[in-house]
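What follows is each chain in one-letter form.
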Amino acid sequence: MLHDLETDRLTLRSWTPQDAGFVFDMYSRPDVRRYIGQGHVMQERDEAVKLLERWSELQHPVHHIWAVERTADEQLLGALLLKSIPASGTGDAPSGDTEIGWHFHPDAWGSGYASEAARRVLDHAWAAGLERVVAVTNPENVASMAVCRRIGMTHRGQSDAYYDTVCELFDVWRT
Ligand SMILES: CC(C)(COP(=O)(O)OP(=O)(O)OC[C@H]1O[C@@H](n2cnc3c(N)ncnc32)[C@H](O)[C@@H]1OP(=O)(O)O)[C@@H](O)C(=O)NCCC(=O)NCCS
């Protein structure tokens with residue numbers, strides 16, 4: 001099990017079943033789901049319970065899906081993901097690349113929390129020996145592309161290499 005990660009304002013920890021209410025609240029919002037996958041908006045709390053179960057099955061020495069909490073008041077803010085990214089045309093087979101991603105509750109937007117958490121996860125990735133991390137966004141997802149740039153990722157243009165779709169591709173290498 002991975003240790004919690006800390007930043008000035010944030011604690012990144014593993015999810016617990018008690019977080020299902022927050023996860024449902026976040027993913028039942030069209031604003032949050034708009035640019036994620038097929039844009040499916042959660043309808044039932046049980047979908048959040050099952051998602052947390054799937055996330056807890058991801059046992060990996062480096063990859064993880066963290067709950068991001070504001071340390072001062074333990075308010076949950078969102079999810080920070082470091083995981084294998086599936087290759088297009090393979091039915092979800094791993095591409096061999098690692099992606100970083102961020103899904104935050106609208107109440108937590110506009111405070112720099114996603115970028116602060118993502119920077120910490122990149123540090124974790126380098127410390128664990130990864131050489132390169134990618135991020136892919138919907139071409140209209142301006143807020144997410146801004147996070148990529150804030151944390152030092154480089155825009156590589158559009159790519160259809162992942163998720164059977166065309167995305168804006170960003171990457172960053174260990175220095
Ligand atoms: C993508 C997403 C995480 C971006 O969130 P965000 O809060 O805009 O991103 P950051 O954490 O980098 O915060 C930057 C904002 O905080 C502001 N800010 C305030 N205090 C700050 C601080 N101390 N440090 C940095 N930025 C700060 C910045 O000015 C910026 O606001 P602006 O865009 O209005 O100028 C959010 O829009 C989201 O969760 N979207 C839905 C899910 C999604 O699409 N995920 C991406 C899939 S690829």
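Residues numbered from 1 in each chain as written. Predicted model: local features only at pLDDT ≥ 70, side-chain atom pairs only at ≥ 80, totals over all residues. Heavy atoms only, no water.

An unreviewed UniProt entry annotates the chain as RimJ/RimL family protein N-acetyltransferase originating from Paramicrobacterium agarici.

Brief notes about the layout of surface pockets
The following threshold applies: Of the grid points, spaced at 1 Å and generated over the protein atoms alone, those admitting a 1.4 Å probe that cannot get out make up cavities, while open sets with protein on both sides within 12 Å along at least five of seven lines make up pockets; any residue with an atom within 4 Å of a point is treated as lining. Grid points are joined across faces, edges and corners, and a volume is the space filled by probe spheres set on the points. What counts as a helix is a DSSP run of H or I of at least four residues, what counts as a strand is a run of E of at least two, and both are numbered from the N terminus.
Empty space within the second largest pocket amounts to approximately 220 Å³. Along the wall of the second largest pocket there are 13 residues; nearest its centre are S14, S56, L58, Q59 and H64. For the lining of the second largest pocket, the elements supplying multiple residues, two or more each, are α3 (45–56) and β3 (64–70). Take the lining of the second largest pocket: its biggest share by element is 3 residues, from α3.

Quick look at the nonpolar core
What counts, and what does not: Residues belong to one nonpolar core when they are buried, are Ala, Val, Leu, Ile, Met, Phe, Trp, Tyr or Cys, and are joined through side-chain atoms within 4.5 Å. For every residue, the accessible area (1.4 Å probe, protein chains only) is compared with the maximum for its type, and the residue is labelled buried under 20%, exposed over 50%, or partly exposed between those bounds. Whether two residues touch is decided by their heavy atoms; if any such pair falls within 4.5 Å, the residues are in contact.
Of all hydrophobic cores here, the largest spans 32 residues; its most connected members are L80, I100, W102 and F104. Elements supplying a minimum of two residues to this core: β2 (10–13), β3, β4 (75–86), β5 (94–104), α4 (113–127), β6 (132–137), α5 (142–150) and β8 (167–173). Looking at this core, the element that brings in the most residues is α4, giving 8 residues. When neighbours within four sequence positions are excluded, I100 is seen to be in contact with L80, L81, L82, A118, V121, L122, V133, V134, A135 and M153. Counting 18 residues, the second-largest nonpolar core is a separate cluster that includes V23, M26, A48 and L76.

Looking at the site of the ligand
To keep it simple, the criterion reads: When we say a residue is near a molecule or strand, we mean one of its heavy atoms is within 4 Å of it. Any pair of N or O atoms that falls within 3.5 Å is considered a polar contact. Within protein, one atom must be able to donate a hydrogen and the other to accept it, and sequence-neighbouring residues count only if both atoms are side-chain atoms. Only the protein chains shown count as cover for residues, and the accessible areas themselves come from Shrake-Rupley with a 1.4 Å probe. All residues other than Ala, Val, Leu, Ile, Met, Phe, Trp, Tyr, Cys, Pro, Asp, Glu, Lys and Arg, Gly among them, are scored as polar; the first ten of these are nonpolar and the last four charged.
Inspection of the region around the ligand gives 19 residues, with W102, F104, A114, S115 and R150 positioned closest. The contact in question runs from an oxygen atom of the ligand to an N or O atom on the backbone of Y113, over 3.1 Å. One of the side-chain nitrogen or oxygen atoms of S115 is found 2.4 Å away from an oxygen atom of the ligand. Here the ligand, which alone exposes 960 Å², has 67% of that area covered by the protein. At the level of elements, β5, α4 and α5 are the ones that each hand at least two residues to the shell around the ligand. Among the elements that make up the shell around the ligand, the one with the highest residue count is α5 (4 residues). Its residues assigned to classes, the shell around the ligand comprises 10 nonpolar, 7 polar and 2 charged.

Structural notes on the pattern of salt bridges
Quick note on the threshold: Any carboxyl oxygen of Asp or Glu that lies within 4 Å of a side-chain nitrogen of Lys or Arg is treated as forming a salt bridge with it.
Evaluation of the coordinates by the stated rule reveals 11 salt bridges. As a salt-bridge pair, D19 and R13 come within 2.9 Å of each other at their nearest N and O atoms. A salt bridge links E99 to K83, with the shortest nitrogen-to-oxygen separation between them at 2.8 Å. Pair noted here: E99 is in strand β5 and K83 is in strand β4, with a separation of 16 residues, a long-range link. In terms of burial, E99 and K83 fall into one category: buried.

Some points on α4
For clarity, the cut-off: For a helix, the expected span equals 1.5 Å multiplied by the residue count minus one.
Between the first and last C-alpha of α4 there are 21 Å, a value that for 15 residues agrees with the 21 Å anticipated at 1.5 Å per step. Most of α4 is tucked away: 11 of the 15 residues are buried. When α4 is considered as a whole, its buried residues turn out to be Y113, A114, S115, E116, A117, A118, V121, L122, H124, A125 and W126. One or two steps after α4, the chain reaches G129, where phi turns positive at roughly 105°.

Re the packing of helix α1 (residues 20–27) against α3
For clarity, the threshold we go by: Every axis corresponds to a line fitted to the C-alpha atoms, with the helix fit spanning only the stretch in contact, and the corresponding angles, defined between N-to-C directions, vary from 0 to 180 degrees. Throughout this description, any angle smaller than 35 degrees is read as roughly parallel, any larger than 145 degrees as roughly antiparallel, any in the 65 to 115 degree range as roughly perpendicular, and the remainder as oblique. For any pair of crossing helices, the crossing counts as left-handed if the nearer helix is rotated counterclockwise from the farther one by less than a right angle, and right-handed if it is rotated clockwise.
Taken N-terminus to C-terminus, the directions of α1 and α3 make an angle of 110°; their axes are 8 Å apart at the nearest point. If you check the angle between α1 and α3, you find them roughly perpendicular. Pair α1 / α3 crosses with right-handed handedness. Seen from α1, the contacting residues are A20, G21, V23, F24 and Y27; seen from α3, they are R45, A48, V49, L51, L52 and W55. Tallied by class, residues from the contact of α1 with α3 come to 9 nonpolar, 1 polar and 1 charged.

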